[in-house]
Structure formats: C-alpha cells, structure tokens
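Single-letter residue listing:
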Amino acid sequence: MLAIGEFRGLWLGGLLSRAGSQLARVALAVLTYERSGSAAVTTLVYAMTFVPALIGGPALGWLADRYPRREVVIACDAIRTVLIGFIALPGLPLPALCALVFASQLLDSPSRAARVSLTPEVVPRELYQTGVAVHQLSDQVVTLLGFAGGGIVVALVGAETAILINAATFAAAASLTLATGRRRPAAAGKQPVSLLGGLRLVAGHRALRSLLGLAMLSGFHVIPEAIAVPYAASLGLGTTQAGLLMAALPAGNVIGVFVLSRFLTESRRMALMAPMAVLAGVPLVASAADPGYVPLLLLWTGCGVLTGYHVAANAEYVRIAPPESRGQAVGLASSGMVAAQGLGILLGGLLVEAAGPEYGLAIAGAAGLIAGVPVLLAWNRAVKASPPST
C-alpha cells in the first residue's frame, strides 16, 4: 500500500497536518493563558479549534468537487501555514488570534474532503479499504500520542516555537502533495455546485443515508471519554487512572481497526459493520453493574474495539458517493459526526449529573442500542436493494 507514491504522499501529508494540529491545540491553550490569564478565554480559544469542523464540511466541502483536489489540498495547507505562522507573532491581540485559529481550522474541512475523495482514485479497488484503515489507524495513533507529545514539545521549546512547528508541518504537507500527487481535472467539471448539494445527495441516497447514520452512532460511543474524569473520581481514583480511562476508547479502536483490516475480508467487514455499530453500546450498559476500575477499563476498550466498524462504513460511504459530488458528501459526513459527538458529550454530561456515572453511562449505552436498531435495519434494506460490489 505505502509503495504507491500518491497514496504515500496523501498519507504522510495528512499525518503531518494531524500531528501539527494536535501540537497546536496544546500550544494555543498555553499561549492564550499566558497572554490573557483567563481560564474562560483559554477554553474559548481551545473550543474554536473544533467548532469550524461543524460548519466547514457543508459550507466548504464543495471546493473539493469544483476544483482539482490535489490543488485544493495544497492551497489549504499553504494558506494554513501562513495563518498559523501569524499566531506566533509577539503581542498579537487575542481577537486576531481567535480569528486566525478559526480560519485555519475552517480550511481543514475542504482539505480533508479532498484527501479522502482522492483515496479511491489513487489506489486499486482491492486495496481501497486497506488504505482507509491505514488512514484511520494513523489518526487514532496521533490522537493517542498527540496531547502527551504536544505537552512535552511545548515544555521543551515554548508555545510560540511549537506554533511555528505546526506551521512547518502544514508547509511540509503541501510540499509532499505537490511532489507526489498527480494533477487531475475537477471532479464536477463545468457542472454547477450547490452548497446544499451534499445534503440533497445523502438525503436522497438510501445507502449513503444509512452509512451516515451508522457513523453518527459514534455520538453515543464517545461519551465514556468525556466523562472519564468524574467517573474515576466516583471510584476514588486519581488523574492517572482517569487518563487511562480516556485512552481506552482510542486504544480499543486501534485494535479493532487492525483486526478488521488485517484478518477479515472486505465482504466480512461489510457484513459485520452494522451489528458492531449497535453492539458497541453493550459495554456501556454493563457499567450499571458497577464492575470496578479494571473491568471498566476492559469494557471501555471493548467498546473501542467495536467502533472499528468505522473503517468499513467510511470506506463504503466514500466509494459509493458519486465522484463529482464526493467532496460535498464527505464534508457533510464529517460535520455530522462532529455534531453527533458534541451532542453525545452534552447528553453524557447531563445523564451523569442526573443519575451518577454508572447509571448515566448505562442509560446512554441503552439509548445507543435503541437508536442503532433502525439504522441497522435501514442499512440491511439498502444492501438488499443494491448489494455493494466486492
């Protein structure tokens, strides 16, 4: 897979962008607090690194269809290099810093949509799901290591230098894409592109609609990560144990993606993904038994393993989306998942506050099971109507 030059460039470029963004989040939090002395302002700036993903997909995903995708990736990374570089300027007013952060993160949506949309064009059909698995595994590993590594880098070199390192990662990603990517014409050609095109496409396509539903179930599965600290506190545990609980989901996901992509055929992955999406709520329901720390750690890791179904769902979603509208469809899906996870975290916090960690999480898991059943049935109907090619 990595022997394919274009894929290798896309993969390494995406990895550099992701790693740089994780580092920047830590550095921005430190930099903002140093300049403002306010926890509220620091939280606001940190939140602004996530909010643009919610609106960027529907608003800017069409760029990956209207213009050549290689050039969209290069342009986004080059512009982000400049924007992030300005953040490191001494004495930059906080409103200007917030605007730069927002603009930089907004450009992540068309860049990601273009990278994802290019993947089925640069790898053979039989290697496509493996390529998606490589991307997903890499993202999870960077997520696992990014915050700890980012803290170490910021401590060693300072926040401003860490910001400049992030700018350098975007510049390197743009250079990689330029050097390894082959120029292709815009997928949409001369066809008019609508901002609402992705919404109309997915809403009118049974299989895409069902796959998006499977992806958005992650809103329930992400809840343990968000409530790990109060859950650990309720068990009389410290921050180290809370950190391990937070890491259980992404660690389990890495295991699940590896097992599915390494040991199962594509047809088997396709058959298992919907049941796995529903069953991922079961370990959360089991928390009602108050099993103790180690069993809880294993249960949450098991939930993460089951969320490995995303590798098959994401790959099929991108594959069956019409090439001329793929960027819009990917952008909509990315924003939908961000919205679902944000609402899930909010729901989890309310449930834990009302019913306590054990029962609150169990209620959330049961809600995920109930919500997953109609999505599973809808996917099964979509498969019967138009079986996926293998």
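Residues numbered from 1 in each chain as written. Predicted model: local features only at pLDDT ≥ 70, side-chain atom pairs only at ≥ 80, totals over all residues. Heavy atoms only, no water.

As annotated in an unreviewed UniProt entry, the protein is MFS transporter from Nonomuraea ferruginea. What UniProt states about the protein under its Subcellular location (unreviewed entry) heading is, verbatim, "Cell membrane". (UniProt positions renumbered as here; feature names shortened; annotations may be inferred.)

Colleague: When you look at the packing of aromatic side chains in this model, what are you seeing that I'm missing?
Modeller: Each aromatic ring pair is specified by the distance between its two centres and by the angle formed by the two planes. On inspection of all chains with the given rule, the structure shows two aromatic pairs. An angle of 85° between the planes, with centres 5.5 Å apart, marks the rings of Tyr231 and Trp300 as edge-to-face. In this pair, Tyr231 sits in helix 13 (residues 223–234) while Trp300 sits in helix 17 (residues 293–306), placing the two residues 69 residues apart along the sequence. Among the residues examined, Tyr231 registers a relative accessible area of 1% and is labelled buried. Between Phe258 and Phe263 the ring centres are 6.0 Å apart and the planes differ by 85°, which places this aromatic pair in the edge-to-face class. Under the relative-accessibility criterion, Phe258 is labelled partly exposed at 43%. Judged by its relative accessible area of 57%, Phe263 falls in the exposed class. When the ring centre of Phe263 is taken as reference, the NZ or CZ atom of Arg262 above it lies at 5.5 Å. (Phe/Tyr/Trp six-rings, centres within 6.5 Å; stacked < 30°, edge-to-face > 60°. Helix = DSSP H or I, 4+ residues; strand = E, 2+ residues; numbered from the N terminus. Buried < 20%, exposed > 50% of the residue type's maximum accessible area, 1.4 Å probe, protein only. Lys NZ or Arg CZ within 6 Å of the ring centre and 35° of its normal.)

Colleague: Got a minute to help me understand the pattern of salt bridges in this structure?
Modeller: All told, the structure shown has eleven salt bridges when counted by the stated rule. In this structure, Arg115 and Asp77 form a salt bridge, with 2.7 Å as the shortest nitrogen-oxygen distance. With Arg115 in helix 7 (residues 108–122) and Asp77 in helix 5 (residues 69–87), this pair connects stretches of sequence that are 38 residues apart. One exposure class covers both Arg115 and Asp77, and it is buried. The salt bridge partner of Arg319 is Glu316, with a shortest N-O separation of 2.9 Å. One end of the pair, Arg319, and the other, Glu316, are both in helix 18 (residues 310–320), three residues apart, so they sit about a helical turn from each other. Shared partners join several salt bridges into a network, and the residues in it are Glu6, Asp65, Arg69, Glu121, Arg184 and Arg326. (Salt bridge = Lys/Arg side-chain N within 4 Å of Asp/Glu carboxyl O.)

Colleague: Explain a nonpolar patch on the surface here, please?
Modeller: A grouping of Ile152, Leu156, Val157 and Ile165 is seen on the molecular surface, where their side chains present a nonpolar patch of about 380 Å² in accessible area. Here the element with the most residues in the nonpolar patch is helix 8 (residues 128–157); it accounts for three residues. Along the chain, Leu156 falls in helix 8. Accessibility expressed as a relative area gives 69% for Leu156, which makes it exposed. (Patch = residues over 30% accessible without salt bridge, like charges linked within 9 Å, V, L, I, M, F, W, Y side chains within 5 Å. Areas by Shrake-Rupley, 256 points an atom, 1.4 Å probe, with all protein chains shown as cover.)

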